[in-house]
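Observations on the model geometry
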Amino acid sequence: MKDKLIQIIKEAGEILKDGYYSKKDVTFKAKKDLVTKYDVAVENFLKKKFEEEFVNFNVIAEESDNTNKIFSNSIIVDPIDGTTNFVNKLPHTAISVGVYKDKKPFIGIVYNPILDELYTAVVGEGAFCNDVKLEVSDESDFQKALLSTGFPYTSGTCADDLNDVMKKLTNILPKCQDIRRLGSAALDLCYVARGIYEGYYEMNLKAWDVSAGIIILQEAGGKISNIDGSDYVLFQNKYIVASNNKIHEEFIENLKV
Ligand code: IPD
Ligand code: CA
Ligand code: CA
């Protein structure tokens, strides 16, 4: 299944790439939440191919009406993760596809066609970027940890969410090496898997933002949890906390504000 998925995702990457270098009309789903015709085109392409090829799976995808979709044997798709980057020609944007069998992680694929970086993982078989095996960083000193985060779209409309973002930043920024905000949750998780970041946290993500990245990170030796350190449950938790495992406990402590 992995090879077929990669073939289809690489073809979809050509649609993303064409869009990236073209002039784009932007529609607003919410005050800060953008969508373009390319998000829809990539998604429609993937859905059609996946539904033809993998008949035992349903497809849950960001730009679709998922009302009657039951999460079980599912392929969870974000056609363009990092749409704001895509629109602004910042080459940190990717297609994200997570495959779950009976709700359990099976295959994760994240593809950045602009930089031609393909992240893949099959549960039990390790994680790779362009066929190079990935391993999380072995830094265990939180003060030396380079972290990543994201700001929720609701920061423009919900005072509670904005306050929480600012409180957590105020607490954690002096305690770590530094914090990045590059704008793609899927790639943020892959960057922890690759040992670039020691950790990553964010609120209000959707299943399609993280469905593939969490499989890739776990296969690279990383840890994913909810904000209280308990298991992260797809579709359910407000926060995700991801790390190289070694800083995880301190990370959780430093997010308690
Ligand atoms: C977004 C990106 C971003 C994160 C947002 C996501 P989108 O996905 O992953 O990094 O901060 O919360 O919604 O809208 O570009 O697919
Ligand atoms: Ca996304
Ligand atoms: Ca998206």
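Because the structure is a prediction, the values reported are computed rather than measured.

Summing up its helical and strand segments, the protein chain has eight helices and 14 strands in all. In terms of C-alpha radius of gyration, the protein chain reaches 17 Å, essentially the compact-globule figure of 18 Å for 257 residues. In terms of its C-alpha atoms, the protein chain occupies a principal-axis envelope of roughly 50 × 40 × 35 Å. Looking at the protein chain residue by residue over its 257 residues, the buried ones come to 54%.

Turning our attention to the layout of surface pockets. In this structure, the largest pocket occupies an estimated 680 Å³ of space. Along the walls of the largest pocket sit 33 residues, with Asp33, Phe151, Tyr153, Glu202 and Asp209 positioned nearest its centre. Where the lining of the largest pocket is concerned, the elements lending two or more residues are strand 2 (33-36), strand 4 (74-81), helix 3 (83-87), helix 5 (185-193), strand 12 (199-203) and helix 6 (207-210). Split into classes, the residues belonging to the lining of the largest pocket amount to 11 nonpolar, nine polar and 13 charged. Per-domain counts for the lining of the largest pocket show at least three residues from each of domain 1 (2-133) and domain 2 (142-255). If you trace the second largest pocket, you find 13 residues lining it, with Lys103, Pro105, Tyr232, Val233 and Leu234 closest to the centre.

Taken together, 16 residues form the shell around ligand 1, and within it Asp81, Gly82, Thr83, Tyr153 and Glu202 come nearest. Between ligand 1 and the protein, one listed contact pairs an oxygen atom with a backbone N or O atom of threonine 83 at 2.8 Å. Take alanine 185: an N or O atom from its main chain is 2.9 Å from an oxygen atom of ligand 1. Surface burial for ligand 1 is 95%, taken as the share of its 370 Å² of free accessible area covered by protein chains. Taking a 2 Å distance to the grid points as the criterion, the majority of the atoms of ligand 1 fall inside the largest pocket. Grouping the constituent residues of the shell around ligand 1 by class yields five nonpolar, five polar and six charged.

Taken together, the protein ligands of the calcium ion (ligand 2) are Asp78 (OD), Asp81 (OD) and Asp209 (OD), with distances of 2.1 to 2.2 Å. Mapped onto the sequence, the residues coordinating the calcium ion (ligand 2) show the spacing D-x2-D-x127-D. The two metals, the calcium ion (ligand 2) and the calcium ion (ligand 3), are separated by 3.7 Å and share aspartate 78 as a common coordinating residue. Of this pair, aspartate 81 sits in strand 4 while aspartate 209 sits in helix 6, and the two are 128 residues apart along the sequence. The class for aspartate 209 is buried, based on a relative accessible area of 11%.

What follows is about the coordination of the calcium ion (ligand 3). The protein atoms that coordinate the calcium ion (ligand 3) are Glu62 (OE), Asp78 (OD) and Ile80 (O), at distances of 2.2 to 2.4 Å. Coordination of the calcium ion (ligand 3) draws on donor residues from a single chain, spaced E-x15-D-x1-I in sequence.

So, about the environment of tyrosine 197. As for its position among the elements, tyrosine 197 is in the loop between helix 5 and strand 12. Note: C-alpha distance between tyrosine 197 and threonine 84 (113 residues apart in sequence) is 21 Å. Sequence-distant contacts of tyrosine 197, that is, excluding residues within four places in its chain, are made with Leu146, Leu147, Ser148, Arg180, Leu182, Asp188, Tyr191 and Val192.

Let us look at the sheet that holds strand 11 (residues 178-180). Across the sheet, which stays open at both edges, the five strands sit in the order 11-10-12-14-13 with mixed pairing between neighbours. Two strands bound the open sheet, and with one partner strand each, they are strand 11 and strand 13 (223-225). This sheet shows a mean twist of 20° between the axes of neighbouring strands, independent of strand direction. Note that strand 12 and strand 14 (residues 239-243) share five bridges and pair antiparallel.

Reading the values: the criteria
- Residues numbered from 1 in each chain as written.
- Chains lettered and ligands numbered in written order.
- Predicted model: local features only at pLDDT ≥ 70, side-chain atom pairs only at ≥ 80, totals over all residues.
- Heavy atoms only, no water.
- Helix = DSSP H or I, 4+ residues; strand = E, 2+ residues; numbered from the N terminus.
- Rg over C-alpha atoms; globule rule 2.2 N^0.38 Å.
- Buried < 20%, exposed > 50% of the residue type's maximum accessible area, 1.4 Å probe, protein only.
- 1 Å grid on protein atoms, 1.4 Å probe; cavity = no way out; pocket = protein on both sides within 12 Å on 5 of 7 lines; lining within 4 Å.
- Points joined across faces, edges and corners; volume = space filled by probe spheres on them.
- Nonpolar A, V, L, I, M, F, W, Y, C, P; charged D, E, K, R; others polar.
- Domains from an automatic or database assignment.
- Near = heavy atom within 4 Å.
- Polar contact = N/O pair within 3.5 Å; in protein donor to acceptor, adjacent residues only side chain to side chain.
- Areas by Shrake-Rupley, 256 points an atom, 1.4 Å probe, with all protein chains shown as cover.
- Sits in = over half its atoms within 2 Å of the grid points.
- Donors = N, O, S within 2.8 Å, 3.2 Å for Na, K, Ca; no water.
- Contact = heavy atoms within 4.5 Å.
- Pairing = 2+ DSSP bridges.
- Axes fitted to C-alpha atoms, helices over the stretch in contact; angles between N-to-C directions.

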